[in-house]
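# Analysis of the macromolecular model
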Amino acid sequence: MTTTTSQTPPGATSEEAYLVLEDGTVHVGRAWGARGETLGEIVFSTGMTGYQETLTDPSYHKQIVVMTAPHVGNTGVNGEDPESGRIWVSGFVVRDPARRASSWRSERSLDAELEAQGIVGIRELDTRALTRHLRTAGAMRAGVFSGDAVPAATGPSRVAELLERVRSSSQMVGADLADEVTTASSYVVEPEAGTDPVGTVVAVDLGIKDMTPHRMAERGLRVVVVPSTSTLADIQAHEPDAVFFSNGPGDPAAADDAVELLRGVLDAGIPYFGICFGNQILGRALGFGTYKLTFGHRGINQPVKDVRTGKVEITAHNHGFAVDAPIGQESVAPHDGGRYGRVIVSHVGLNDDVVEGLECLDIPAFSVQYHPEAAAGPHDAAYLFDRLVELVTSHGAIATNATDDSAAPDGSTAPEENA
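Residues numbered from 1 in each chain as written. Predicted model: local features only at pLDDT ≥ 70, side-chain atom pairs only at ≥ 80, totals over all residues. Heavy atoms only, no water.

The next subject is unusual backbone geometry. Residues Ala375 and Ala376 are joined by a peptide bond in cis, for which omega reads -5 degrees. For Ala376, the location among the structural elements is in the loop between strand 21 (365–368) and helix 10 (383–404). Phi at Glu124 takes a positive value of approximately 60 degrees, unusual for a residue other than glycine. With respect to the helices and strands, the residue Glu124 is situated in the loop between strand 9 (120–123) and helix 3 (127–137). Phi is positive for Glu239, which is not a glycine, with a value near 50 degrees. On the basis of relative accessible area, Glu239 is assigned to the exposed category, the value being 65%. (Helix = DSSP H or I, 4+ residues; strand = E, 2+ residues; numbered from the N terminus. Buried < 20%, exposed > 50% of the residue type's maximum accessible area, 1.4 Å probe, protein only.)

Bringing the nonpolar core into the picture now. Phe245, Leu262, Leu266 and Ile281 are the most contacted members of the largest nonpolar core, which totals 36 residues. For this core, the secondary-structure elements that each account for two or more residues are strand 12 (199–205), strand 13 (221–227), strand 14 (242–245), helix 8 (256–267), helix 9 (277–286), strand 19 (342–349) and strand 20 (355–360). Here this core gets six residues from one element, more than from any other, and that element is helix 8. The contacts of Ile281, once residues within four sequence positions are left out, are Leu206, Phe245, Ala255, Ala258, Val259 and Leu262. Judged by nonpolar contacts, the second largest core, of 24 residues, contains Val201, Ala203, Val368 and Ala381. (Core = buried A, V, L, I, M, F, W, Y, C linked by side-chain atoms within 4.5 Å. Contact = heavy atoms within 4.5 Å.)

Mapped onto the secondary structure, Ser170 falls in the loop between helix 4 (155–167) and helix 5 (178–181). With 29 residues separating them in the primary sequence, Ser170 and Gly199 have C-alpha atoms 42 Å apart.

Turning our attention to helix 8. Structural remark: α-helix, 3.6 residues per turn; residues separated by three or four positions point the same way. For helix 8, with twelve residues, the first-to-last C-alpha span of 16 Å sits near the 16 Å given by 1.5 Å per residue. Taken residue by residue, helix 8 has Ala258, Val259, Leu261, Leu262, Arg263, Gly264, Val265 and Leu266 as its buried positions. Elements that come into contact with the buried residues of helix 8 comprise strand 12, helix 7 (232–236), strand 14, strand 15 (272–275), helix 9 and strand 21. Once helix 8 ends, the next one or two residues include Gly269, with phi positive near 75 degrees. (Expected span 1.5 Å × (residues − 1).)

Right, let's get into the pairing of strand 5 (residues 63–67). For strand 5, the buried fraction is high: five of the five residues fall into the buried class. Neither face of strand 5 is left uncovered, since the one carrying Gln63, Val65 and Met67 and the one carrying Ile64 and Val66 both have all their residues buried. Relative to strand 5, strand 4 (residues 37–45) is paired through five bridges, and the arrangement is parallel. Along strand 5, the bridge assignment pairs Phe44 with Val66. (Pairing = 2+ DSSP bridges.)

Summarising the sheet, strand 16 (residues 289–306) and strand 17 (residues 312–324) pair through eleven bridges and their orientation is antiparallel. Bridged to Tyr291 within strand 17 is Ala322. The antiparallel hairpin formed by strand 16 and strand 17 contains five residues in its connecting segment, where Gly310 sits at a positive phi of about 80 degrees.

Distances and angles like these do not, on their own, reveal function.
As structure tokens, then:
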């Protein structure tokens with residue numbers, strides 16, 4: 001067991017809080033946000049900005065997030081930046097929270113928001129040492145404890161009790177969480193007023209961020225966001241020109257319903273675009289496996305290479321699982337004897353050669369592992385939404401031509417073009 005402690009700065013509360021990892025590592029810091037107990041998988045985010053978007057990203061459901069940036073909370077909290085209607089992280093770990101918010105956009109302090117939403121946090125511990133440990137040992141179960149959640153026992157007995165609570169908690173491997181974060185009912189994000197839609201996209205909400213459908217609507221797409229429990233018939237009832245699967249939490253290996261739903265979409269010939277969890281679901285639908293990364297990619301500064309152009313993008317990530325597909329070559333999607341045809345790995349992470357994108361060559365489908373909506377983050381990957389528009393418009397033209405030209409001069413049926 002390893003224990004680290006912190007020093008209390010002048011004027012700060014002396015109320016202790018404990019961060020306990022399942023491998024026995026213990027960090028002692030100060031209570032922050034709500035008091036109590038929280039359990040989840042502990043991960044770190046390397047973003048220097050965008051903590052409000054991070055907190056409200058549904059992909060962080062059941063996770064305790066460690067911010068590697070030492071100073072957090074200086075811009076406070078506002079009503080414009082959240083990516084969903086609530087904070088989703090299980091717990092929040094920071095080195096040096098701001099004593100006051102200094103942005104003109106701030107409506108309240110970060111610690112007040114954490115307390116109001118019941119998010120247990122811990123501050124004033126060595127997040128650099130913690131991050132280095134997680135990079136070596138990997139993401140694991142953990143717990144943050146403060147207030148009445150701290151046992152009356154002291155010394156090793158206290159730590160032993162807290163460690164038992166952590167080790168009794170659920171693991172991320174095998175967790176099917178999309179239904180816990182999805183929208184309760186469908187809603188529509190329309191293009192800008194006065195703009196005729198260039199097509200309709202049905203977005204399956206596996207944990208979607210608010211900015212994602214707005215990025216599509218900015219390009220003239222009408223976006224119908226539907227719950228993760230939707231059926232293929234539910235999707236087709238909206239007459240989509242394309243289907244989108246969003247980011248989301250959990251283990252893709254456990255998302256069998258989403259995989260079967262996507263196979264129905266692909267079999268129906270509907271164009272498909274997916275990001276993050278949606279990339280992993282496409283990988284599984286094509287017959288590839290997925291696996292858990294040691295510590296994952298979380299932050300807004302991840303370098304990714306487009307293998308076709310050689311261009312390097314700086315991108316926003318939040319994922320702990322990846323697709324196991326062959327890099328650097330065309331392959332035949334292994335599901336059902338290759339019924340989905342050829343596929344390539346279109347993007348690769350430059351830090352660790354992780355699959356960051358898939359492109360199908362014989363059906364209209366592609367995906368990326370990262371977040372092109374860039375909330376928060378760089379805008380290098382914004383072109384992917386333009387590619388979706390091109391897929392929608394070109395596929396519609398192909399389908400129209402195929403219908404118009406279906407009757408051959410001799411009265412027979414002409415073969416359909418490969419869309």
